[in-house]
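# Working through the structure, step by step
Here is how the chains run, residue by residue.
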Amino acid sequence: MGIKGIYKEIGPGKRISLTKLAVQKLQDSDRPLRIAIDISIWQFQAQAARGGTNPAIRTLFYRLLRILSLAIQPIFVFDGPNKPTFKRNKRSGRGDGVATAMAKRLIRLFGFQAHDAPGEAEAECALLQQNGIVDAVLSEDVDTIMFGCTQTLRNWSSEGTKGSKTPTHISMYDSRDLSQGASGLDREGMVLVALMSGGDYLPEGIPGAGVKVACEAARAGFGKSLCQLKRSDTSELASWKERLVYELRNNESGFFRTRHKALTIPDDFPNMEILRYYTHPVVSPVTTLDRLRQQTWDRPIDIQGLREFARETFDWSYRIGAIKFIRVLAPCLLVRKLVQRNTAESNAPKDGNAIENEESELVKSITSRRAHFSTDATPELRLSFIPTSIVGYDFQEEPDEVIDFGRDGLALNSDDEIEDLVEEVGDADPAAKSRAKKLFSPTDADLSWVPEIIARIGIPSMVADWEEAQRAKTIARSKPKASKQKAKTGGTASSSLDKFVRVTKNNVSQTTATEKATSSPTRLEPPRVRARTPLDAIPSSSQTSRPLLSSGLSSQKSQPLKPSKPPTTKPSRSKRNPPGPPAADANVNPWTIASSQGSPRVTKHKSSSTKAPEPILISSSPPSSPPKGVRSSKKAVVDPAKASGR
DNA sequence: TTCATGGCGTGACTC
DNA sequence: TTTCGCACGCCATGAA
Ligand SMILES: [Mg+2]
């Protein structure tokens, strides 16, 4: 339901290289960037791909490779069956069921997480981000902000007018910056904009009121005050509406550009069901969050499984297919292996030679350094590596496609997409290989640009040696007579821990220059301290007298944790609930609304367990991190609530 | 006149 | 047997 014209209001976001974002997180937090990805961002884009077999899923494959090479830890979120009732014409599943199953399989072969949302993926992603399970959400639009996401990424695509369409950049939206910015839109404000301007399937919007008028109303505080209304207080709601309409008509307080005498406000505006859709979307319960929190982000890549997937799905068959597979996978897998050397190393101290031996198994040499625009000048090193030794896959096992039984490297050079250059096929001259860069042999060295910090993690001593050599070179150039005897000051580290610390320090001092140069004011918030949602702990019985939305701080203070008190609304919930109009029930029983909203299908009992039944609370301002204990007690509170929904 | 809304058509991708 | 998004540019329309 992207709000039409919303980007004219909130701006284009910060366009930033995904490499830079990932590297910053690696530096600042000593761990990879974690993002939740709404899988639907590719549901249409991928259809545009042409050529070969299954180009759509192949597009996903290449994106997954890219994620791998960015050292990002993703969790892919799929839409679930519990769509809100007012979106009922849509249905996910059947049509792309096969594609969905394939996508999940591929994602898991990469060692990435595939996660099913109970309802809308966008809302689930926002929940994961709010709870610190991920740092940011990659989505189609900025709707996630209305679900409470504070770091939203969208439009992962190429940047600049240069020829390459390689997707390098994303647009980043920080909810805190947004509320401070010119639009002044926070979560509540955006929800009001959605409610007022409506949309194709948001009924009871105000016809003729678009994003401009709605934003003016939001800046005047009507979003916040609407969300702070006590539930089931119809007179307060009527008063809110009266004030809004009065200001629209007369513009007495000057909130609006002009008066709006001609607007016809529907009788049932605002639609509380839609409001609740944003404030209390159908998302996973805390138990699921805990499970996700405990899951490891470092699952191994199934190389053999990926090879078979590519053979069957993309028709990358025979030895030629295997070589193509190795060629695209190796540079990405190299990054993974470099980063893993940080954590995977045993604590046993190793001598310098052992370290250097391990390093040279991964990387043969470093050839150059750059600060390229495609990565926002994030420093990178060009690494030379042997594809087969990175992938560890024996392509020789695979039969040749044609009758050519030759098993020297020559036949391998005929890759299917280099026909343009195949004039040289049959030319056995090795020099021809270097002339035509596209001639690829998986056993020969290949080159790849890797962020310098990642190289420092995986091959620290090789980087140190290379830097020393570079330094010597420049010195030699400026003062040819100077001796290169300057000993390696750093030398090889005595332990892996020391090594990493040293490397990190070096890298910080080294990269601050470039950071300042590019002057990026944007950075991710520290995620760990960010366990939010203190409000889930609210006893259900307090709902009817509680604000629909209020500030996180005050409500947290005022919420007594009463795990022992079961909800008293069970009777009304237990009668078979038709998905019919909940508006009538809304003032009577919030639980009814919650459940009806959650399940378009009456037969789905699951909805009651997946719907977080607690009322309330949007806190658009950054929350104070709750103490660790809150989380566990919250669990205790929610469980009975969940049981009551049965 | 100026401004905002809403309807319509179109593109996205990799090799 | 049901279905599906979003953003952008262009233009007509109507309100103030
Ligand atoms: Mg959306």
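Everything here concerns the structure above.
As a starting point, this report considers the structure included with it.

Calculation criteria
Residues numbered from 1 in each chain as written. Chains lettered and ligands numbered in written order. Predicted model: local features only at pLDDT ≥ 70, side-chain atom pairs only at ≥ 80, totals over all residues. Heavy atoms only, no water. Helix = DSSP H or I, 4+ residues; strand = E, 2+ residues; numbered from the N terminus. Buried < 20%, exposed > 50% of the residue type's maximum accessible area, 1.4 Å probe, protein only. Contact = heavy atoms within 4.5 Å. Polar contact = N/O pair within 3.5 Å; in protein donor to acceptor, adjacent residues only side chain to side chain. Donors = N, O, S within 2.8 Å, 3.2 Å for Na, K, Ca; no water.

### Regarding the overall build of chain A
- Check the secondary structure of chain A and you find 27 helices and ten strands.
- For chain A, with 646 residues in total, the buried portion stands at 53%.
- Put simply, of all contacts in chain A between residues at least 6 apart along the chain, 74% involve residues at least 24 apart.

### A few points about unusual backbone geometry
- In this chain, phenylalanine 269 is followed by proline 270 through a cis amide linkage whose omega measures -5°.
- Residue tyrosine 318 is not a glycine yet carries a positive backbone phi of 60°.
- Here tyrosine 318 shows up in helix H15 (residues 318-344).
- In this structure, alanine 377 takes a positive phi of about 65° despite not being glycine.
- Tracing the sequence through the fold places alanine 377 in the loop between strand S8 (365-371) and strand S9 (379-385).
- With relative accessibility at 21%, the residue alanine 377 sits in the partly exposed group.

### Side note on the side chain of threonine 378
- Looking at the secondary structure, you find threonine 378 in the loop between S8 and S9.
- Judged by relative accessible area, threonine 378 falls into the buried class, the value being 7%.
- At 2.7 Å, the side chain of threonine 378 and the backbone oxygen of threonine 375 are in polar contact.
- Residues contacting threonine 378, with those up to four places away along its chain left out, are Thr19, Lys20, Val23, Arg370, Ala371 and His372.

### Considerations on the coordination of the magnesium ion
- Taken together, the protein donors to the magnesium ion comprise Glu122 (OE), Asp141 (OD) and Asp143 (OD), at separations of 2.3 to 2.5 Å.
- Within one chain, the residues serving as donors to the magnesium ion are arranged as E-x18-D-x1-D. One end of the pair, glutamate 122, is in helix H5 (residues 121-130); the other, aspartate 141, is in the loop between strand S5 (136-139) and helix H6 (143-146), and 19 residues separate them in sequence.

By themselves, these observations are geometric and do not establish any function.
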